[in-house]
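Structural overview
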Amino acid sequence: MMRFRPAEAAGRPCLRVGVILAENFTLSAFSLFIDHLRLAADKNDNSRPILCRWQIMSSRPDPVRSSCGVAVARNSDFCDPTEFDYIAVVGGLLHGRRQVDDATIRYLRRAADAGVSLIGICTGVFVLCRAGVMRDRSSCVSWYHRQDFAEEFPDHHVVSDHMFLVDGDRITCSGGGGAADLALHLIERHLGRPVAKKASHVLLLDRPARSSRAPLQPHPPVIDEISHIADPRVRRAVLEMEQNMAEPIPIADLAGRLGISSRQLERLFHTVLGVKPTNFYRLIRLRYARALLQQGELSVTEVAVETGFSDCAHFSRQFKSMFGHSPSDLRTSRGRLAAGAPILLPERPSERAGVRLFEER
């Protein structure tokens, strides 16, 4: 267990975080979160837990294996939850596996009853929901796991357009880079902005000037826009498309993943959305391209490659046809241009217009 000498701590640390690692947790999310706390806790890179205290807890003495195979040992058994300002659960692989044991679930409920703020990082939010401590709270989930979340927790409100979400004493995080943004938010809240900037600077993760709003996820999900679609095959096909932007999968392969023929998939998309699957695929890739251009970090050529267009000229023509201006114009203006003509798709096959599938938010 981590101990503080009075000379080191000079009183109670300003930020105290307990961490629980789920089986097959995501190592990158865990390390980004903890390393920001480590760098904020002391001067320079000395890593002494003076201003921040972090503790890895587990009900069992065995190291917890991450999804990449690296195991992390605990510092202690479960402590009194009131010793912490936050208790964070770092999740990872789902695939129907049991992420934590019953003792962990009981501990999280005990922490919630004690009024301790709980954090779900990556699929850690699934653990919090299964523990029953997210009732009447909104959850932030990566677009990649959004469908899994909606199927398991249909009565929970979920968002996938932010990197993290603060809802009272519950904080949920999409994972990946969102863990770094969340750590910076907590450091800034408890220790001040200069300390937060120092941590990100040392890690070479400096961001543009931060605002009071949580950062957006870089990949805008489509699933909200097709919430009216009941056919699970179409919804799954759209999710597969979203997960394969840089290297679009052939429609025949997509149909095979769904256990149907290409002709069946064509008929499904025509009936439900009124468009061919190839056209729909192109629409969401262009939408993603627009989001990347508005961020202003990639060149037009890099965005074209990122969204599966091997020919930059072809990409530019498709983009201008869709939005009314070229990618270069949008890239130069850093997103200040209007989005152009909205993408219209029918809500039902009898309606050929009227639903703004990719409406500006």
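Quick caveat, the model's predicted, so the values are computed rather than measured. (Residues numbered from 1 in each chain as written. Predicted model: local features only at pLDDT ≥ 70, side-chain atom pairs only at ≥ 80, totals over all residues. Heavy atoms only, no water.)

**With respect to the overall build of the chain**
Helices and strands together make up the secondary structure of the chain, namely 14 helices and 12 strands. A buried classification covers 51% of the 361 residues belonging to the chain. Counted over contacts in the chain with a minimum sequence separation of 6, partners at least 24 positions apart contribute 63%. As presented, the chain carries roughly 17,100 Å² of accessible surface, and 49% of it is formed by carbon and sulfur atoms. (Helix = DSSP H or I, 4+ residues; strand = E, 2+ residues; numbered from the N terminus. Buried < 20%, exposed > 50% of the residue type's maximum accessible area, 1.4 Å probe, protein only. Contact = heavy atoms within 4.5 Å. Areas by Shrake-Rupley, 256 points an atom, 1.4 Å probe, with all protein chains shown as cover.)

**Quick notes on the pairing of strand β5 (residues 86–90)**
Taking burial as the measure, the five residues of β5 include five buried ones, the bulk of the element. Alternating residues of β5 divide into Tyr86, Ala88 and Val90 and Ile87 and Val89, and every residue in both groups is buried. As defined by bridge partners, strand β1 (residues 15–21) adjoins β5 across five bridges and the pair is classed as parallel. Each residue of the ladder has a partner; that of Ile20, found in β5, is Val89. In this structure, β5 lies alongside strand β6 (residues 117–121), joined through five bridges in parallel fashion. (Pairing = 2+ DSSP bridges.)

**A closer look at helix α6 (residues 177–191)**
Over its 15 residues, α6 extends 21 Å from the first C-alpha to the last, a length consistent with the 21 Å expected when each residue adds 1.5 Å. Inspection of α6 places Gly178, Ala179, Ala180, Asp181, Leu182, Ala183, Leu184, Leu186, Ile187 and Leu191 among the buried residues, and these make up the whole buried set. Taken from the residues just after α6, Gly192 is the one with a positive phi, measuring 105°. (Expected span 1.5 Å × (residues − 1).)

**What to know about the sheet that holds strand β10 (residues 170–173)**
Strand order across the open sheet formed by six strands is β2-β1-β5-β6-β10-β9, with mixed pairing between neighbours. Each edge of the sheet is formed by a strand with only one pairing partner; in this case those strands are β2 (52–57) and β9 (164–167). The average undirected angle you get between the axes of adjacent strands in this sheet is 20°. In this structure, β6 lies alongside β10, joined through four bridges in parallel fashion. Of the residues in β10, the one forming a bridge with Ile119 is Ile171. (Axes fitted to C-alpha atoms, helices over the stretch in contact; angles between N-to-C directions.)

**Structural notes on the pairing of β10**
A two-sided burial pattern is seen for β10, the buried positions comprising Arg170 and Thr172 on one face and Ile171 and Cys173 on the other. Across four bridges, β9 lies against β10 in antiparallel orientation. What sits directly across from Asp167, in β10, is Arg170. Turn length for the β9-β10 hairpin, with the two strands adjacent in sequence and antiparallel, is two residues, and the turn residue Gly168 shows positive phi of about 65°.

**Considerations on the packing of helix α8 (residues 232–242) against helix α9 (residues 251–258)**
Across the interface, α8 lies against α9 with an axial gap of 10 Å and an inter-helix angle of 130°. Judged by the inter-axis angle, α8 sits oblique to α9. In this structure, α8 meets α9 at a crossing whose hand is right-handed. Contacts from Arg233, Arg236, Ala237, Glu240 and Met241 in α8 reach Leu254, Arg257 and Leu258 in α9. (Parallel < 35°, antiparallel > 145°, perpendicular 65-115°, else oblique. Left-handed = near helix turned anticlockwise from the far one by under 90°.)

**What to know about the side chain of Asn244**
On the secondary structure map, Asn244 appears in the loop between α8 and α9. You can call Asn244 buried: its relative accessible area is 19%.

**Considerations on the confidence of the model for the chain**
For the chain, mean pLDDT is 84; residues scoring 70 or higher make up 83% of the total. For residues 338–361, every residue scores under 50 in pLDDT, and the model assigns this stretch 51 contacts once sequence neighbours within four places are set aside. (pLDDT = per-residue confidence, 0-100.)

**Quick notes on the nonpolar core**
With 36 residues, the main nonpolar core has Val234, Leu265, Phe269, Leu273, Phe280, Phe315 and Phe319 as its most contacted residues. If you list the elements that add at least two residues to this core, you get α8, α9, α10 (262–272), α11 (277–295), α12 (300–306) and α13 (312–323). The leading source of residues in this core is α11, at nine residues. Once you skip the residues sitting within four places of it in the chain, Val234 turns out to touch Ile229, Leu268, Phe269, Val272 and Leu273. One finds Val17, Val19, Tyr86 and Ala88 within the second-largest nonpolar core, a separate group that totals 35 residues. (Core = buried A, V, L, I, M, F, W, Y, C linked by side-chain atoms within 4.5 Å.)

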